[in-house]
Amino acid sequence: MATSDTPDSGPDYLRFFPKPSPYDNQREAMEGIRDALDDGQDVLFEGACGTGKTLAALAPALEHARREDRTVVITTNVHQQMRQFVREAREIHDAEDIRAVVFKGKGSMCHIDVDYEECQVLRDNTREVVETEAEKRELEQRQQELLDQARDGDGGAQGQSAADARSAVMDELDAVADELEDLRERNVCERYAANLRGSNDEFVSWLYDDVRTPDDVYDYAEENGLCGYELLKESMEGVDLVVCNYHHLLDPGIRAQFFRWLDRDPEDVVCVFDEAHNVEDAARDHASKTLTENTLDQAVAELEDSEDPRAGDALNVIRAFRDALGETYEDAFGYGGREDVGSNWEDVPVANDHKRDDLTLTFFQRYTGRGIGKDVDDAISLGEDLDEGYEDAYRNGDATSRQECQTLQAAEFVDAYLTEGDSLGQYPTVAVRRDESTDEVYGRAELYTCIPREVTTDLFDSVHATVLMSATLRPFDVTAEVLGLDDPETMAFGLQFPEERRRTFAVDTEPLFASKRDERGVQEQYTDVLSDVVEFTAGNALLFFPSYGEAERYHDRLRDRVDCPLYLDEPGEPADDLRERFVAEDGAALFTSLWGTLAEGVSFDGDDARTVAVVGVPYPHLDERAEAVQDAYDQVFEDTEDAGWTYGVEVPTVRKTRQALGRVIRSPDDFGVRVLVDRRYTKQSRRSMRKYSINGTFPGEERQEMVDLDPSKLKFSMLNFYGDMDAWGEDGPPRP
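The structure reproduced in this document is the subject of the present report. Along each chain, the written sequence defines residue order, and numbers are assigned to residues from 1. In view of the model being predicted, local features appear only for residues whose pLDDT reaches at least 70, and side-chain atom pairs are presented and counted only at 80 or more, with totals across whole chains, interfaces and linings using the full set of residues. By convention in this description, side-chain values take in all heavy atoms of the structure and omit both hydrogens and water.

## As for the overall build of the chain
Formally: Per the convention used, a helix needs a DSSP run of H or I reaching at least four residues, while a strand needs a run of E reaching at least two, with both numbered from the N terminus. Buried means the residue's accessible area, taken with a 1.4 Å probe over protein chains only, is under 20% of the maximum for its type, while exposed means over 50%, and partly exposed covers the values in between. Contacts: residue pairs with any heavy atoms within 4.5 Å of one another.
Scanning the chain from N- to C-terminus turns up 27 helices and 18 strands. With the principal axes as the frame, the chain shows a C-alpha extent of 115 × 75 × 50 Å. Here the chain holds 736 residues, and 53% of them are scored as buried. By sequence separation, contacts in the chain at least 24 residues apart represent 77% of the contacts at least 6 residues apart.

Printed below as a string of structure tokens:
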């Protein structure tokens, strides 16, 4: 594809680059992405945190889309990144006229707080009412015209013809008026009706005069008595850029609707996934299916109230599955186990190596009927009829809300659980939680999808091309295998900022194995090292731990060791507020989990944080679910040795660690220290610890920057570095 690149004007994509000039790595990335998109090739793009990946991807993507009449969809699952996208889209909009929208789900934009099913009925009813109103107005206008003609005809043949025609129109008008009266008895949405009755030209002009957020659209619609969600949907045709979350692309049903709203075929869409190391887990979540015991109870009650002859057969299978679910998790409780159940879902493993899972086996024992397949089919068909009846009742105004059919939900899940539960990559499991309002324990059945490419391959194959970008995508071959990408273009750019303005230390402490964490000597050694990290940081320090529990442990141990403000991130507490209080300090320390919300997508620029430390190797909780993923990877990628451990555990863990390290040093003028506290990070561990070492899992250029340190030397190395940066201020450095 020819371009108009010239020495004078520069590449065409630079008109979508709003900064004075790109970094060298941005320019190289933009050229590579442009060429790949022109060839319809997917791209794996790794760039260090703070090096401008978003603009490097968007500029060539927008230029390609403008030239080839396509739309760019950029997506993330990190809330902070969504805000960053909006800021950068506005910068592009100021430099080059683009039509951009920021899209959220209906739930966050609905003014009357109804769910999707109710909204669908209200939308259909409202449209029918407004269309019938328009038809009535047309008939009224026509009958008036015919009346005028009849009067002007002065009793002649022409006047009689007009009178006869008017009589027919009046009959039709009466019928339409009666129909309209009936329709107005139905449930409608007045806000959507206002959309349909008026002109939306003013909204469209306002929408594309800037890059508006969903909150902006909501406020505009609230003020004008309109439905902002429907206004946005109906104004998206042929836009240049859409900002959305993963949900709109990874869910096949939503994706199809989303592309229809864009008025684009899939091959006319270029997708850009930010924080793409998260696509693997997000795809699993979107593919997995769940069914709670409460839904099963409601389905049983629904069927017991039904007089349909199919209800008895449907009850055979639904009641047996509900009873089997309860029996399965009750049998799994040990002494006092029920009393220990909390408010979060806790897995009760049921999978077996050489036979069906425990829930399925218990169901087979409990089921009595003419045949499971026939009874499931009857349950599904009856559920579909019941669901249609609920929709008709709401549509016609006989119900104030759109009831959901629990039988249909239950039957479809049971069908999937029984037919797919023993398939490769499917992990059947059960979980329990305590309802805080009733204090009752109840269960949930789940069919968990272990292999994400079962979701992502169809997406990547259908769109024109996809750019997956992150600070931590390598190893590229692992990413391509896991997500189902065929021969993608790959590019990686490390930190382009001056190397002398950063240090990365791997501290040779005792390995923080799970079996060692409670040992007094280990805790004392780590307390000493972390005290040095905090005390010898010229500014704020971020400390990441394998869990919130470990973060709390060392937060408490350091309270009496250091003289500075200490902040503890706790699960369930607002992280944004904590971050704001922390960055307002000078010389504070923040303790958090590497698996929390502050480890990625959140910037700590300049003085916000100077040192970041990752303590221990933060492997995820290696429960049966994680083992199921490893087993599935071992089977799918059987040509790769230890694929399950490497793909399923070690690579994701190192990616998380690298994400945490990227919270500091975000610009060429920035400086800071990155500390990895655990022997397994050191270069020498590759010889002394072999399979336990993870040093070799880091990219080569990052390993080269790591300096192995004895724990006692860390304070001096930090003292010297921050001294070289002239960072100690008027009071001077602390004394070692």
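We are not done yet, so read on.
## Structural notes on the environment of Lys374
For Lys374, the position within the fold is in helix H16 (residues 372-395). Taking the relative accessible area as the measure of exposure, Lys374 reaches 54% and is therefore exposed. Sequence-wise, Lys374 and Arg433 are 59 residues apart; in three dimensions their C-alpha atoms are separated by 32 Å.

## Considerations on the sheet that holds strand S9 (residues 441-449)
For the record, the criterion: We treat two strands as partners when DSSP finds at least two bridges between them. In this analysis an axis means a line fitted to C-alpha atoms, helices contributing only their contacting stretch, and an angle means the value between N-to-C directions, from 0 to 180 degrees.
Pairing within the open sheet is antiparallel, and its four strands lie in the order S6-S9-S8-S7. Strands at the two margins of the open sheet, each flanked by one partner only, are strand S6 (289-292) and strand S7 (346-349). On average, adjacent strands in this sheet sit at an angle of 30° to one another, irrespective of strand direction. Looking at chain direction, S6 and S9 are connected through four bridges and run antiparallel. Across the sheet, residue Leu291 finds its bridge partner in S9, namely Ala445.

## Structural notes on the sheet that holds strand S2 (residues 71-76)
Strand order in this open sheet of seven strands is S3-S4-S2-S5-S10-S1-S11, and the pairing throughout is parallel. At either margin of the open sheet sits one strand with a lone partner, and together these are strand S3 (100-102) and strand S11 (489-493). Neighbour-to-neighbour, the strand axes of this sheet turn through a mean angle of 15°, independent of strand direction. As paired elements, strand S5 (residues 269-273) and strand S10 (residues 465-470) share four bridges and run parallel to each other. Note on S10: the bridge partner recorded for Val272 is Val467.

## A short note on unusual backbone geometry
Here the amide bond leading from Arg474 into Pro475 is cis, since omega sits at 0°, within 30 degrees of zero. Looking at the secondary structure, you find Pro475 in the loop between S10 and helix H19 (476-483). Backbone geometry places Asp642, a non-glycine residue, at a positive phi of 55°. Structurally, Asp642 can be placed in the loop between helix H23 (624-636) and helix H24 (643-661). For Arg690, which is not a glycine, the phi torsion comes out positive at approximately 50°. Mapped onto the elements, Arg690 comes out in the loop between helix H25 (685-688) and helix H26 (700-705). Classification of Arg690 as exposed rests on a relative accessible area of 65%.

## Looking at the nonpolar core
Test applied: In this description, a nonpolar core means a group of buried Ala, Val, Leu, Ile, Met, Phe, Trp, Tyr and Cys residues linked to one another through side-chain atoms lying within 4.5 Å.
Of all hydrophobic cores here, the largest spans 64 residues; its most connected members are Phe103, Val242, Phe258, Phe273 and Leu468. Broken down by element, the residue count for this core peaks at five residues, all from H19. Setting aside its immediate chain neighbours within four residues, Val242 contacts Thr71, Val72, Val73, Ile74, Val101, Phe103, Met236, Phe258 and Leu262. Counting 41 residues, the second largest nonpolar core, distinct from the first, contains Val317, Tyr329, Tyr367 and Ala410.

## Regarding a negative patch on the surface
Inclusion rule: Think of a patch as exposed residues, more than 30% relative accessible area, with no salt bridge, where like charges cluster within 9 Å and nonpolar side chains (Val, Leu, Ile, Met, Phe, Trp, Tyr) cluster within 5 Å. With residues, only the protein chains shown are counted as cover, and all accessible areas are computed by Shrake-Rupley using a 1.4 Å probe. Between Lys or Arg on one side and Asp or Glu on the other, a salt bridge is scored when a side-chain nitrogen of the former is within 4 Å of a carboxyl oxygen of the latter. Counting rule for charge: Lys and Arg are taken as positive, Asp and Glu as negative, and neither His nor the chain ends is counted. For the purpose of locating charges, the reference atoms are NZ of Lys, CZ of Arg, CG of Asp and CD of Glu.
A surface patch of like charges, here negative, comprises Glu135, Glu138, Asp171, Glu172, Asp174, Asp178, Glu179, Glu181, Asp182 and Glu185. Where the negative patch is concerned, the elements lending two or more residues are helix H4 (116-152) and helix H5 (157-183). With respect to the secondary-structure elements, Asp171 resides in helix H5. A relative accessible area of 51% places Asp171 in the exposed class.

## Quick notes on the packing of H4 against H5
Under the convention used in this document: Roughly parallel means an angle under 35 degrees; roughly antiparallel means over 145; roughly perpendicular covers 65 to 115; every other angle is labelled oblique. Throughout, a crossing is termed right-handed when the near helix is turned clockwise from the far one, and left-handed when it is turned anticlockwise from it by less than a right angle. When residues are grouped by polarity, Ala, Val, Leu, Ile, Met, Phe, Trp, Tyr, Cys and Pro land in nonpolar, Asp, Glu, Lys and Arg in charged, and all others, Gly among them, in polar.
Between H4 and H5, the least distance of the axes is 8 Å, while the angle of their chain directions is 160°. Overall, the two elements H4 and H5 adopt an arrangement that is roughly antiparallel. In the crossing of H4 with H5, the sense of the turn from one axis to the other is left-handed. The class makeup of the residues in the contact of H4 with H5 is 15 nonpolar, four polar and nine charged.

## Digging into the packing of helix H14 (residues 311-332) against helix H15 (residues 358-366)
Here H14 crosses H15 at 130°, and the two axes come no closer than 8 Å. Overall, the two elements H14 and H15 adopt an arrangement that is oblique. Between H14 and H15 the crossing geometry is right-handed. Contact with H14, carried on its side by Val317, Ala320, Phe321, Asp323, Ala324, Leu325, Glu327 and Thr328, involves Asp358, Leu359, Thr362, Phe363 and Arg366 of H15 and no other residues of that element. In terms of residue class, the contact of H14 with H15 is made up of seven nonpolar, two polar and four charged.

## Re the pattern of salt bridges
For the structure on display, the rule yields 66 salt bridges. Between Glu128 and Arg186 there is a salt bridge whose closest N-O contact spans 3.1 Å. Remark: Arg186 occurs in the loop between H5 and helix H6 (190-197) and Glu128 occurs in helix H4; sequence separation between them is 58 residues. Where salt bridges share partners, they join Glu117, Asp124, Asp387, Glu391, Arg395 and Arg402 into one cluster.

## Things to note about the pairing of strand S12 (residues 502-507)
Burial analysis of S12 places five of its six residues in the buried class, which makes it a mostly covered element. Taken together, the six bridges between S12 and strand S17 (residues 672-677) define a ladder with parallel strand orientation. Paired with Ala506 across the two strands is Leu676, which belongs to S17. Pairing of S12 with strand S18 (residues 706-709), which is carried by four bridges, proceeds in the parallel orientation. Looking at the pairing, Ala506 lines up with Asp708 of S18.

## As for the packing of aromatic side chains
Selection criterion: Classification of ring pairs rests on two measures: the distance between centres of Phe, Tyr or Trp rings, Trp counted by its six-membered ring, which must be within 6.5 Å, and the angle between planes, read as stacked under 30 degrees, edge-to-face over 60 and tilted in between.
Applying the stated criterion across every chain, the model contains 34 aromatic pairs. Centre to centre, the rings of Phe413 and Tyr417 are 5.6 Å apart; their planes meet at 35°, and the pair counts as tilted. Of this pair, Phe413 and Tyr417 both sit in helix H17 (residues 406-420), four residues apart, roughly one helical turn. Judged by centre distance (5.9 Å) and plane angle (10°), the ring pair of Phe545 and Phe591 falls under stacked. With a gap of 46 residues between them, Phe545 in strand S13 (residues 541-545) and Phe591 in strand S15 (residues 589-593) connect regions that are remote in the sequence. The residues Phe545 and Phe591 share a single accessibility class, namely buried.

In short, geometric facts, not functional conclusions.
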